[in-house]
Amino acid sequence: MRLDILTIFPEMFEGPFSLSMIKRAINKKIVEIHIHNIRDYTADKHKRVDDYAYGPGAGMVMMIQPIADLIDKLKSERDYDEIIFTTPDGDTFNQETANTLSLKENIIILCGHYKGVDQRLRDMYITKELSIGDYVLTGGELAAMVMSDAIIRVIPGVLSDETSALTDSFQSGLLSPPVYTRPPVYKGVAVPDILLSGNDKEIANWRLEQSLEKTRNLRPDLYEKLP
Ligand code: ADE
């Protein structure tokens, strides 16, 4: 997969994309991430990428020209499956969205800012508008990182244990069961006996029961949707 991220803060991506799963996916050549600085494409002599919104009221809006030029350039080089815009008024990003996007070849993510981006850009270029939740971030960069992480980790070959992404919370519509590691007793609190029994089938049943119980208690909305 090739991911092109369009941002006015390219430095923000340096940390998260140079560690852990994303780094592993890049090293294994499963994913290629290109971070583009929108400011490099502005035709404005003061290098501005935003301007006052038309009409009364305060607020800056990202200008269409630099972003459109950048997207046009990328599109002239390859076809894109999706051009995503991160915005609090988009559809809520969830595991299903991550799974679907993980199967794509080329994706652009445009990180929104200020009061948004000129509506003409959204109408002319954007194929998907996504939010990571009902709250407003300073910018779309964190949202783009969250989405990239969730998308990349489910691409086959990224996680070393191929089955582990499939047993994550939400993949089955259930929350994950509790997990334990050594020591078997800590400050008098023991690991459930069943996990030390060596009986894989009974452990699997126990995990499923725990998942169902946890989902019913913590996320009744998900529990209602179970088949
Ligand atoms: N930009 C600002 N807030 C956002 C959110 N909740 N999701 C995606 N992009 C955003």
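The rules behind these values
- Residues numbered from 1 in each chain as written.
- Predicted model: local features only at pLDDT ≥ 70, side-chain atom pairs only at ≥ 80, totals over all residues.
- Heavy atoms only, no water.
- Helix = DSSP H or I, 4+ residues; strand = E, 2+ residues; numbered from the N terminus.
- Rg over C-alpha atoms; globule rule 2.2 N^0.38 Å.
- Areas by Shrake-Rupley, 256 points an atom, 1.4 Å probe, with all protein chains shown as cover.
- Lys, Arg positive; Asp, Glu negative; His and termini not counted.
- Charge placed at Lys NZ, Arg CZ, Asp CG, Glu CD.
- Patch = residues over 30% accessible without salt bridge, like charges linked within 9 Å, V, L, I, M, F, W, Y side chains within 5 Å.
- Salt bridge = Lys/Arg side-chain N within 4 Å of Asp/Glu carboxyl O.
- Core = buried A, V, L, I, M, F, W, Y, C linked by side-chain atoms within 4.5 Å.
- Buried < 20%, exposed > 50% of the residue type's maximum accessible area, 1.4 Å probe, protein only.
- Contact = heavy atoms within 4.5 Å.
- Near = heavy atom within 4 Å.
- Polar contact = N/O pair within 3.5 Å; in protein donor to acceptor, adjacent residues only side chain to side chain.
- Nonpolar A, V, L, I, M, F, W, Y, C, P; charged D, E, K, R; others polar.
- Pairing = 2+ DSSP bridges.
- Right-handed = clockwise from strand over helix to strand, strands pointing away.
- Domains from an automatic or database assignment.

Draft legend 1. Quick look at the overall build of the protein. Summing up its helical and strand segments, the protein has 7 helices and 9 strands in all. Relative to its length of 227 residues, the protein is extended, with a C-alpha radius of gyration of 22 Å against a globular reference of 17 Å. Expressed as lengths along the three principal axes of its C-alpha atoms, the size of the protein is roughly 70 × 40 × 35 Å. Of the roughly 13,600 Å² of accessible surface on the protein, 53% is carried by carbon and sulfur atoms. Looking at charge distribution, the protein has the averaged site of its 26 positive side-chain charges lying 4 Å from that of its 34 negative ones.

Draft legend 2. Representation of a nonpolar patch on the surface. A surface patch of nonpolar side chains, amounting to about 440 Å² of accessible area, comprises F9, M12, Y135, L137 and L142. Tracing the backbone through its elements, the reader meets L137 in the loop between β7 (128-131) and α5 (141-153).

Draft legend 3. Inspection of the nonpolar core at higher detail. Membership of the largest hydrophobic core comes to 27 residues, with the highest contact counts inside it found for L3, I5, I33, F93 and I152. Among the elements of the structure, β1 (2-7), α1 (20-27), α3 (95-101), β6 (106-111) and α5 are those that each provide at least two residues to this core. In terms of residue count, the dominant contributor to this core is α5 (7 residues). Each residue touching L3, except ones within four places of it in the same chain, is listed here: E32, I33, H34, I107, I109, S148 and I152.

Draft legend 4. Main features of the site of the ligand. In the vicinity of the ligand, the contacting residues are T86, T87, P88, L130, S131, I132, G133, Y135, V136, L137 and A143. A distance of 3.0 Å is found between a nitrogen atom of the ligand and a backbone nitrogen or oxygen belonging to L137. Starting from 260 Å² of accessible surface for the ligand in isolation, the protein chains cover 97%. Broken down by secondary-structure element, the contributors of at least two residues to the shell around the ligand are β5 (82-92) and β7. When residues in the shell around the ligand are grouped by element, the largest group, 3 residues, is from β5. Along the lines of polarity and charge, the residues of the shell around the ligand split into 7 nonpolar, 4 polar and no charged.

Draft legend 5. View of unusual backbone geometry. The amide bond that connects R182 to the next residue, P183, takes the cis arrangement and shows omega of 0°. As for its placement among the helices and strands, P183 is situated in the loop between α5 and β8 (185-186). Phi at Y114 takes a positive value of approximately 50°, unusual for a residue other than glycine. Checked against the element boundaries, Y114 lands in the loop between β6 and α4 (119-125).

Draft legend 6. Inspection of the pairing of β6 at higher detail. Burial analysis of β6 places 6 of its 6 residues in the buried class, the great majority of the element. When β1 meets β6, the two strands line up parallel, connected through 5 bridges. Looking at β6, one finds that L6 is bridged to L110. The parallel pair β5 and β6 is bridged by α3, and the resulting crossover is right-handed.

Draft legend 7. Representation of the side chain of T97. With respect to the helices and strands, the residue T97 is situated in helix α3. Take T97: its relative accessible area is 15%, and that puts it in the buried class. Non-local contacts of T97, meaning those with residues more than four positions away in its chain, are made with T92 and L130.

Draft legend 8. Seen up close, the domain arrangement of the protein. For the protein, the domain assignment lists domain 1 (2-153) and domain 2 (167-223). On a C-alpha basis, the centroid separation for the pair domain 1 and domain 2 is 37 Å.

Draft legend 9. Spotlight on the pattern of salt bridges. One pass over the structure, following the stated rule, counts 11 salt bridges. The salt bridge involving R48 is made with D44; its shortest N-O contact spans 3.5 Å. Notably, a salt bridge pairs E213 with R216, separated by 3.1 Å at the nearest N-O pair. Of the two residues, E213 and R216 are both situated in helix α6 (residues 200-218); the distance of 3 residues between them amounts to about one turn of the helix. Classification of E213 as partly exposed rests on a relative accessible area of 39%.

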